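Residue-level structure breakdown
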Amino acid sequence: MSTLIAFGAGIAVLTGIGAGIGIGIATAKAVDAIARQPEAESKISKSLLLGCALAEATAIYGFVIALLIILFLG
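In this text, all values refer to a predicted model and were calculated from it rather than measured experimentally.

1. Observations concerning the overall build of the protein chain
Counting its secondary structure elements, the protein chain contains 3 helices and 0 strands. Its helices and strands in sequence order give the protein chain the pattern α-α-α, from N to C terminus. For the protein chain, the C-alpha radius of gyration of 17 Å lies well beyond 11 Å, the compact-globule estimate for 74 residues. Overall, the C-alpha framework of the protein chain stretches about 55 × 15 × 5 Å when taken along its three principal axes.

Here's what the structure looks like:
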């Protein structure tokens with residue numbers, strides 16, 4: 001049973017990979033957009049920060065779920 005708990009917690013933590021890839025792609029696109037239109041830097045930066053915060057929240061949720069699986073089921 002403990003093997004399945006560790007496996008489930010490991011899968012829950014994998015949300016961090018998706019968040020990291022998403023934030024990396026969003027940052028690359030934002031830098032590209034700022035390079036093309038420097039006058040729009042303020043609007044682009046605000047949207048980027050909001051998107052990064054939401055993507056990071058999914059990674060944190062996955063981490064919390066992994067901790068809950070380990071603590072309550074383990």
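2. Here's the deal with the nonpolar core
Residues Ile5, Ala9, Ala12, Ala66 and Ile69 constitute the largest nonpolar core, which totals 5 residues. Elements supplying a minimum of two residues to this core: α1 (2-13) and α3 (41-73). The element that contributes the greatest number of residues to this core is α1, accounting for 3 residues. Dropping the residues within four chain positions of it, Ala9 is found in contact with Ala66, Ile69 and Ile70.

3. Focus: a nonpolar patch on the surface
A surface patch of nonpolar side chains, amounting to about 1,100 Å² of accessible area, comprises Val13, Ile60, Phe63, Val64, Ile65, Leu67, Leu68, Ile70, Leu71, Phe72 and Leu73. Sorting elements by how many residues they give to the nonpolar patch places α3 first, with 10 residues. Tracing the sequence through the fold places Leu73 in helix α3.

4. As for the confidence of the model for the protein chain
This prediction gives the protein chain a mean pLDDT of 91; 99% of its residues lie at or above 70. By mean pLDDT, the top-scoring element of the protein chain is helix α2 (residues 15-36) (93), and the lowest-scoring one is α1 (88).

5. Looking at the environment of Ile65
Along the polypeptide, Ile65 turns up in helix α3. With a relative accessible area of 43%, Ile65 lands in the partly exposed category. Through-space distance from the C-alpha of Ile65 to that of Val13 is 8.1 Å; in sequence the pair is 52 residues apart.

Basis of the calculations
- Residues numbered from 1 in each chain as written.
- Predicted model: local features only at pLDDT ≥ 70, side-chain atom pairs only at ≥ 80, totals over all residues.
- Heavy atoms only, no water.
- Helix = DSSP H or I, 4+ residues; strand = E, 2+ residues; numbered from the N terminus.
- Rg over C-alpha atoms; globule rule 2.2 N^0.38 Å.
- Core = buried A, V, L, I, M, F, W, Y, C linked by side-chain atoms within 4.5 Å.
- Buried < 20%, exposed > 50% of the residue type's maximum accessible area, 1.4 Å probe, protein only.
- Contact = heavy atoms within 4.5 Å.
- Patch = residues over 30% accessible without salt bridge, like charges linked within 9 Å, V, L, I, M, F, W, Y side chains within 5 Å.
- Areas by Shrake-Rupley, 256 points an atom, 1.4 Å probe, with all protein chains shown as cover.
- Salt bridge = Lys/Arg side-chain N within 4 Å of Asp/Glu carboxyl O.
- pLDDT = per-residue confidence, 0-100.

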